[in-house]
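Residues per chain, in single letters:
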Number of protein chains: 2
Amino acid sequence: MPTIHAWGNREGGAPLSRHAVTLTDPGPDEVLLEVLYCGLCHSDLGHIDEQRSAAAEPVVAGHEVVGRVVAAGSEVDPQRLGQLCGLGFIAGSCRHCRHCLSGRQTLCADLESTILGRPGGFASHVKAHQDWAIPLPDGLDPAAAGPLLCAGVTVFEPLFSAGISPTAHVAVIGVGGLGHLALQLARAWGCQVTGITTSSSKTAEILSLGAHRVQLLGELNQQQGAYDLIINTSNHALDWDAVVASLAPGGSLHQLGLCATPIPLRVFPFVKGNLSFRASLTSTPANTARLLEFCARHGIQPLVEVLPMDQINTAIARLRRGDVRYRFVLQGPA
Amino acid sequence: MPTIHAWGNREGGAPLSRHAVTLTDPGPDEVLLEVLYCGLCHSDLGHIDEQRSAAAEPVVAGHEVVGRVVAAGSEVDPQRLGQLCGLGFIAGSCRHCRHCLSGRQTLCADLESTILGRPGGFASHVKAHQDWAIPLPDGLDPAAAGPLLCAGVTVFEPLFSAGISPTAHVAVIGVGGLGHLALQLARAWGCQVTGITTSSSKTAEILSLGAHRVQLLGELNQQQGAYDLIINTSNHALDWDAVVASLAPGGSLHQLGLCATPIPLRVFPFVKGNLSFRASLTSTPANTARLLEFCARHGIQPLVEVLPMDQINTAIARLRRGDVRYRFVLQGPA
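Conventions we followed
- Residues numbered from 1 in each chain as written.
- Chains lettered and ligands numbered in written order.
- Predicted model: local features only at pLDDT ≥ 70, side-chain atom pairs only at ≥ 80, totals over all residues.
- Heavy atoms only, no water.
- Helix = DSSP H or I, 4+ residues; strand = E, 2+ residues; numbered from the N terminus.
- Rg over C-alpha atoms; globule rule 2.2 N^0.38 Å.
- Buried < 20%, exposed > 50% of the residue type's maximum accessible area, 1.4 Å probe, protein only.
- Contact = heavy atoms within 4.5 Å.
- Areas by Shrake-Rupley, 256 points an atom, 1.4 Å probe, with all protein chains shown as cover.
- Lys, Arg positive; Asp, Glu negative; His and termini not counted.
- Charge placed at Lys NZ, Arg CZ, Asp CG, Glu CD.
- Pairing = 2+ DSSP bridges.
- Axes fitted to C-alpha atoms, helices over the stretch in contact; angles between N-to-C directions.
- Phe/Tyr/Trp six-rings, centres within 6.5 Å; stacked < 30°, edge-to-face > 60°.
- Arc of directions from axis to C-beta.
- Buried area = accessible area lost by both parts, 1.4 Å probe.
- Salt bridge = Lys/Arg side-chain N within 4 Å of Asp/Glu carboxyl O.
- Polar contact = N/O pair within 3.5 Å; in protein donor to acceptor, adjacent residues only side chain to side chain.
- Nonpolar A, V, L, I, M, F, W, Y, C, P; charged D, E, K, R; others polar.
- Parallel < 35°, antiparallel > 145°, perpendicular 65-115°, else oblique.
- Left-handed = near helix turned anticlockwise from the far one by under 90°.
- Least-squares fit on C-alpha atoms with pLDDT ≥ 70 in both.

**Q** What am I meant to see in the overall build of chain A here?
**A** When its secondary structure is counted, chain A shows ten helices and 18 strands. The C-alpha radius of gyration computed for chain A amounts to 20 Å, which stays within 12% of the reference 20 Å derived for 334 residues, consistent with globular compactness. In terms of its C-alpha atoms, chain A occupies a principal-axis envelope of roughly 60 × 40 × 40 Å. The 334 residues of chain A split such that 54% are buried. Of all intrachain contacts in chain A linking residues separated by at least 6 positions in sequence, the fraction that spans at least 24 positions is 65%. About 13300 Å² of surface is accessible on chain A, with carbon and sulfur atoms providing 51% of the total. Placing the 23 positive and 27 negative side-chain charges of chain A at their respective mean positions leaves the two points 5 Å apart.

**Q** What am I meant to see in the sheet that holds strand E13 (residues 227-232) of chain B here?
**A** For sheets, the rule is that strands pair by backbone hydrogen bonds, running either parallel or antiparallel. Reading across the sheet, the twelve strands line up as E12(A)-E11(A)-E10(A)-E13(A)-E14(A)-E16(A)-E16(B)-E14(B)-E13(B)-E10(B)-E11(B)-E12(B) and stay open at both edges, with mixed pairing between neighbours. Of all strands in the sheet, those bounded by a partner on one side alone are strand E12 (213-216) of chain A together with strand E12 (213-216) of chain B. Taking each pair of neighbouring strands and ignoring which way they run, the sheet shows an average axis angle of 20 degrees. Looking at chain direction, strand E14 (residues 247-255) of chain A and strand E16 (residues 276-279) of chain A are connected through four bridges and run parallel. Bridged to His 254 of chain A within E16 of chain A is Arg 278 of chain A. Across the sheet, helix H4 (residues 151-160) of chain A is in contact with strand E13 (227-232) and E14 of chain A; its angle to E13 of chain A comes to roughly 160 degrees.

**Q** How should I be thinking about the packing of aromatic side chains in this particular structure?
**A** For any pair of aromatic rings, the description rests on two quantities: the centre-to-centre distance and the angle between the ring planes. Residues and elements named next belong to chain B. Evaluated as defined, the whole model comprises ten aromatic pairs over all chains. An angle of 40 degrees between the planes, with centres 6.4 Å apart, marks the rings of Phe 156 and Phe 294 as tilted. Taken together, the residues Phe 156 in helix H4 (residues 151-160) and Phe 294 in helix H9 (residues 285-298) connect sequence positions 138 residues apart. The exposure class assigned to Phe 294 is buried, which follows from its relative accessible area of 10%.

**Q** Looking at this structure, I do not really get helix H1 (residues 42-49) of chain A. What am I missing?
**A** Given 3.6 residues per turn, any residue in an α-helix points the same way as the ones three and four places further on. All names here are of chain A. Buried residues of H1: Asp 44, Leu 45, His 47 and Ile 48, and no others. Viewed along the axis of H1, the buried residues span an arc of 165 degrees, placing them on a single side of the element. Close packing links the buried residues of H1 with strand E3 (30-40) and helix H10 (312-320).

**Q** Would you mind going over the interface of chain A and chain B with me for this structure?
**A** How large an interface is tends to be reported as the accessible area lost when its parts come together. Across the contact, 31 residues belong to chain A and 31 residues belong to chain B. Each partner contributes to the roughly 2500 Å² buried at the junction of chain A and chain B, and carbon and sulfur atoms together form 65% of this total. Looking only at chain A, the three residues that lose the most surface to chain B are Val 267, Val 271 and Phe 277 of chain A, adding up to 22% of its buried area. Counting across the interface, chain A meets chain B through zero salt bridges. Inspection of the chain A/chain B interface yields nine residue pairs in polar contact (both at pLDDT 80 or more). Within the residue set of the side of chain A that touches chain B, elements represented by two or more residues are E14, strand E15 (263-265), helix H8 (267-273) and E16 of chain A. Looking at which element gives the most residues to the side of chain A that touches chain B, the answer is H8 of chain A, with six residues. The residue inventory of the side of chain A that touches chain B, partitioned by class, reads 17 nonpolar, nine polar and five charged.

**Q** Where do I start with the pairing of strand E5 (residues 84-87) of chain A in this structure?
**A** For a regular strand, side-chain orientation follows a simple rule: the groups alternate between the two sheet faces. All names here are of chain A. Relative to E5, strand E4 (residues 65-72) runs antiparallel, the two sharing four bridges. In the sheet register, Val 65 faces E5, and the bridge partner there is Leu 87. By the bridge criterion, two bridges tie E5 to strand E9 (residues 134-135) in an arrangement that is antiparallel. Looking across to E9, one finds that Cys 85 is bridged to Pro 135.

**Q** Sorry, what's going on with the packing of H4 of chain B against helix H5 (residues 179-188) of chain B here?
**A** Helix-helix packing: each pair is described by the crossing angle between the helix axes and the interaxial distance. Residues and elements named next belong to chain B. Interhelical geometry of H4 versus H5 gives an angle of 45 degrees and a closest axis separation of 9 Å. When the axes of H4 and H5 are compared, the pair comes out oblique. As for how H4 packs across H5, the hand of that crossing is right-handed. Residues Ala 151, Gly 152, Val 155, Phe 156 and Leu 159 of H4 lie in contact with H5, whose contacting residues are Leu 181, Ala 182, Leu 185 and Ala 186. Of the residues assigned to the contact of H4 with H5, the class counts are eight nonpolar, one polar and no charged.

**Q** Got a minute to help me understand the side chain of Thr 233 of chain B in this structure?
**A** Residues and elements named next belong to chain B. Following the sequence through the fold, Thr 233 ends up in the loop between E13 and helix H7 (240-245). Polar contacts involving the side chain of Thr 233 include one to the main-chain carbonyl oxygen of Ile 173, which spans 2.7 Å. Among the polar contacts made by the side chain of Thr 233, one reaches the main-chain carbonyl oxygen of Gly 174 at a distance of 3.3 Å. Other than its neighbours up to four places away in sequence, Thr 233 contacts Val 155, Val 172, Ile 173, Gly 174, Leu 178, Gly 179, Leu 256 and Gly 257.

**Q** What should I look at first to understand the relation of the copies chain A and chain B in this one?
**A** In summary, the two copies of the chain are related to each other by a rotation about an axis coupled with a shift along it. Aligned on chain B, chain A shows an RMSD of 0.0 Å; the corresponding rotation is 180 degrees and the shift along the axis is 0.0 Å. Taken together, the rotation and translation relating the two chain copies correspond to the operation of a two-fold axis. Among all C-alpha atoms of chain A, that of Pro 264 of chain A lies closest to the rotation axis, at 2.0 Å. Of all interface residues in chain A, 100% are interface residues in chain B too; the two copies therefore contact each other through one and the same surface.

**Q** I tried to follow the packing of H4 of chain A against helix H9 (residues 285-298) of chain A on my own but got confused; where do I start?
**A** Residues and elements named next belong to chain A. Where H4 contacts H9, the axes come no closer than 10 Å and their chain directions differ by 95 degrees. Between H4 and H9, the interaxial angle falls into the category roughly perpendicular. Counted together, Gly 152, Val 153, Phe 156, Glu 157 and Phe 160 of H4 and Asn 287, Thr 288, Arg 290 and Leu 291 of H9 form the full contact between these two elements. When grouped by side-chain class, the residues that make up the contact of H4 with H9 number four nonpolar, three polar and two charged.

**Q** In this structure, what is going on with the pattern of salt bridges? I would like to understand it.
**A** Pairs may arise between side chains of opposite charge once their charged atoms sit close together. Enumeration according to the criterion identifies 22 salt bridges over all chains in this entry. For Asp 29 of chain B, the salt bridge is made with Arg 95 of chain B, and the minimal N-O distance between the two is 3.2 Å. Pair noted here: Asp 29 of chain B is in the loop between strand E2 (17-22) and strand E3 (30-40) and Arg 95 of chain B is in the loop between strand E6 (90-92) and helix H2 (98-101), with a separation of 66 residues, a long-range link. According to the relative accessible area criterion, Asp 29 of chain B is buried, its value standing at 19%. For Lys 127 of chain B, the salt bridge is made with Glu 30 of chain B, and the minimal N-O distance between the two is 3.8 Å. Linking Lys 127 of chain B in strand E8 (residues 125-129) with Glu 30 of chain B in strand E3, this pair joins segments that are 97 residues apart in sequence. Look at the salt bridges and you will find they share partners, linking Glu 305, Arg 318, Arg 321 and Asp 323 of chain A into a network.

**Q** Explain the environment of Arg 325 of chain B here, please?
**A** Residue and element names in this part refer to chain B. Structurally, the position occupied by Arg 325 is in the loop between helix H10 (312-320) and strand E18 (327-331). For Arg 325 and Ser 208, which are 117 residues apart along the polypeptide, the C-alpha to C-alpha distance reads 14 Å. Setting aside chain neighbours within four positions, we find Arg 325 in contact with Glu 205, Leu 303 and Val 304.

Put into structure tokens, the structure is as follows:
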């Protein structure tokens, strides 16, 4: 029954403070990671701010973990002790349903989240099923790798699982935590890459991230039929007709941003253009391992600002006002 | 310069009458078909009714043709003379763009329609590029095969081009000209098949068309997570949230009906369920040939009511009030 330290709050929206929390011992298939680094994702804010009734335990966010295996259950290869691993939003799945058995674990109805109903990665230690603690390959900087485990796998999914060809023309809408990785990945994937942004002030930075071209969102209607794939990382309501019109015949709009309003898709352009609309949330252990290997080979890494864990409230305040390029990483010990 | 007879109108919405029309001779790669049968599709009504200013030539619809090659250009194998062929909505493409050269001719920007700007299949003869006059395999009834060329390829596309597995659970919304073929195809494809209808009075007929189950559209919200693929042949606005909720994880809604209002898709169910929305209009020459062979092998054929061509106005009037199961076929000579 290890006692750990974790940065959390009991009241939704309150500043985080350091708590002592008792964890149960790792189960037979679990590992305990000592947290070295943990990225701060937008979705952590929702968790930190969530209104709740007098939580007995503090809520602890954090799901872009780089850590070291310091304890493991009886079914885990003891050689994993000491191993450097990454852990994302999902810390376990049932392993027995047809989705898990097909290697599509993200479709499992009984996913365990790293942060829901249990303390997450803004802590000295965090637990996960051994299959979701993904060994970090050589060549990745542990201080920067954390965001690959959430933002990275999120933007990898539209390229990898949809089988996008390196000959495709790919546009990325939004250049933030997700988008700055999508640009790098699509470039390394071999595609023609366009960064779509609201502000021309970002042009140089977008090109430096690997884009061949920069397109202003407000001028998207000048790009009819241009893109085989649009990866939309924005969660705002857009001029959806213009977005759809910029798809090439047979093209696909892949939505990642959690837009609060429904997306009204006109049927005729989809029918005529043989278009598709897809969406996804995260990725599987096998694909996460593929992503990490791909990033190590291509020198892809998140652009991060590293702060010590005890400055987490500063990081949260700055993220709330968009003052980060592109991800905060909190460094342990907690 | 052959002179043909064709059923058309000069004023949008007016009854059709028989006209003499002069065609240019077939080009080097064209064939002239003598029309034996031509199905009457809903989209013909739009063409017949379209408002136009004093058309010099009568507008002639009809794009579900079964006919015989009676003349051919210099580049056509002369052995095709006398061949029984089917012709659908498309009568030619540019053949030189990357889509045509990739075998994805329906994405070509310069498609020639069988009925737009030229007389269609409600005529004694109709012209087409040789590649779009698809030889009819043995084992298909020429009197019933016509609707396979439009309705048939339309519903074949979601199964074939999306690579649907025979293990999939497939639902078909709407049991009309398209739906009654989708049910038969999905059954022969090996899938678990559900027919979704607004009226329980159709239950016996839907089962006889190959469905394993019948589901009322209004009770779709009792079928959460049920379907890997929904083929929606309805052009009505539906309870889209219920439709999407009935998709299984990783499932796809394939829209064929030309719904006039945009489809509002909520992002979170799509992201969480890794869902997709697709749409398509028709299919390619190669896939049309595959469909015809598949139908011949499985004994799939449209349920049709055959009327002589000179009763075309009766057929149109009855189709307008939905009085057909499931397709009229007009029999030549015109």
